[in-house]
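# Summary of structural features
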Amino acid sequence: MTHLKGSFTVVVTGGHGLVGKALQTFAPEFTYLSRKHADLRDKNAVLALFEKLKPDVVIHLASHVGGVYDNMKHNYTYLVDNTQMHLNLLEACRVHQVSKLVNILSTCIFPDEGVQYPLTSDQLHQGPPHASNCGYAYSKRFLHTASTILSQSSNGTLRVINLIPTNLYGRYDQYNLERAHVIPALVHKTYLAQKHDTPSLVIRGAGNARRQFLFANDLAKVITHFVAHEIDHDVACIVSPPKNHEISIKDLVHEIVHVFGWDTPRILFEVDEDEGQFCKTTDDMELKTYLPDFEFTSLKEGLGDIIPFFCREYDRLRT
Ligand code: NDP
């Protein structure tokens, strides 16, 4: 059992995934859970675990997460799995009188149309999400709404922090090519293409979609800030690097190839493949109200960290 300053117990769901492992490096004193401790879709198991751990603060990272193509194929499973997990977690927080809950939402759950860019957290429910990940998106929107209602019903004993990160990447990503998000998929593909000296690197989609990428360590630092600081209101806050960090997938591929030190391979973009939402530009304005001096890791620096790590740990990470 671990304690933060002032002796309160912090429990992290999904503590062994991409963000969880990043958080472990900054806050080893928290208690990190995985599916082995409890399947969060099982209400009784979650309640029993909370009875044992008695958390004061919960950081809720666990989610059934996947790349755009896997979401498109299994939207209903994403909806049901995630909604069950979130509901059970909220109920356990209510029963065990947790005093702070930090949820992780995502900028990919915002409406696809009718919003103003850069995105702001108050536009989250202003229209349907993109069809490609609607199951995942509605479950996260439910988490936002339900946790806010729970907080309002708690007479101020529960504070809810809903952090809304943009696309994440980091060392402990999912690199399996069937399920990976864009950066780990591109890193893995480039590694294989370079290793086997293939004549061309084939990329799904035209490469025009634009994204901002957030280094998992940066999100971990933001989470620890919100855990450690007293706050007298609920928070919904986008966590994204500034607008000028936005990059097209095409340019990202070139950056990755460059970090691999691969001289001008032939890169083929499969223009007929759906790329998901074209852009979902955000910025760092909301975060600045809480952390005015926060410095984001540049993409160059982040790729320079994860690519050598992936190459070194290939046999362990590739599945
Ligand atoms: P990962 O997929 O790396 O990790 C997910 C974690 O959730 C794992 O530890 C997994 O446990 C746990 N989990 C999944 N299903 C269950 C279940 N049924 N019961 C208990 N635990 C479960 O996720 P990330 O670290 O990438 O994401 C963290 C959060 O950030 C998520 O809420 C995600 O939606 C959000 N997010 C992620 C983005 C990204 O680009 N990755 C972008 C924006 C938001 P186990 O270790 O046992 O498998």
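Up top is the structure these notes are about.
All of the points below concern the structure found in this document. Given the structure is predicted, the values throughout are model-derived calculations rather than measurements.

## Points about the packing of aromatic side chains
Scanning all chains against the criterion turns up nine aromatic pairs. Ring centres of Tyr172 and Phe309 lie 5.3 Å apart, and the angle between their planes is 70°; this geometry places the pair in the edge-to-face category. Residue Tyr172 is located in the loop between β6 (167-169) and α6 (182-195), and its partner Phe309 is located in helix α10 (residues 299-312); the two are separated by 137 residues in the primary sequence. Classification of Tyr172 as partly exposed rests on a relative accessible area of 28%. Members of the aromatic cluster, each reached through a chain of ring pairs, are Tyr175, Tyr191, Phe310 and Tyr314.

## A word on the site of the ligand
What surrounds the ligand is a group of 25 residues, the closest being Leu18, Arg35, Leu61, Tyr136 and Lys140. One nitrogen or oxygen atom from the main chain of Val19 is found 2.9 Å from an oxygen atom belonging to the ligand. With respect to the ligand, the backbone of Leu40 contributes an N or O atom lying 2.9 Å from a nitrogen atom. Compared with its free state, where it exposes 900 Å², the ligand has 87% of that area covered by protein.

## With respect to helix α7 (residues 216-228)
Compared with an ideal rise of 1.5 Å per residue, which puts 13 residues at 18 Å, α7 spans 19 Å between its outermost C-alpha atoms and is within 8% of the ideal. Turning to α7, its buried residues are Ala216, Asp218, Leu219, Ala220, Val222, Ile223, His225, Phe226 and Val227.

## What to know about the sheet that holds strand β3 (residues 57-60)
Strand order in the open sheet formed by six strands is β2-β1-β3-β4-β5-β10, with parallel pairing between adjacent strands. A strand with exactly one partner marks an edge of an open sheet, and here the two such strands are β2 (31-32) and β10 (235-239). Pairing between strand β1 (residues 10-13) and β3: four bridges, direction parallel. When the bridges of β3 are listed, Thr13 appears paired with His60.

Calculation notes
- Residues take numbers from 1 onward in each chain, read along the sequence in its written order.
- Given that this is a predicted model, residues contribute local features only at a pLDDT of at least 70 and side-chain atom pairs are listed and counted only at 80 or more, while totals for whole chains, interfaces and linings are drawn from all residues.
- The side-chain numbers reported here are obtained from all heavy atoms of the structure, hydrogens and water having been left aside.
- Any pair of Phe, Tyr and Trp rings, taking the six-membered ring for Trp, is counted once the centres come within 6.5 Å. Such a pair is stacked with planes under 30 degrees apart, edge-to-face with planes over 60 apart, and tilted for the rest.
- Labels follow the DSSP assignment, with helices taken as runs of H or I lasting at least four residues and strands as runs of E lasting at least two, numbered in each case from the N terminus.
- Think of it in three bands: with a 1.4 Å probe and only protein chains considered, a residue is buried below 20% of the maximum accessible area for its type, exposed above 50%, and partly exposed in between.
- Throughout, the term near means that a residue has one or more heavy atoms lying within 4 Å of the molecule or strand in question.
- Think of a polar contact as two N or O atoms within 3.5 Å of one another; within protein, one of them needs to be a possible hydrogen donor and the other a possible acceptor, and neighboring residues in sequence only count if both atoms come from side chains.
- For the accessible areas, the method is Shrake-Rupley and the probe is 1.4 Å, while residue cover comes only from the protein chains on display.
- A helix is expected to reach a length of 1.5 Å times the quantity of its residues less one.
- Strands were regarded as paired on the criterion that DSSP finds at least two bridges between them.

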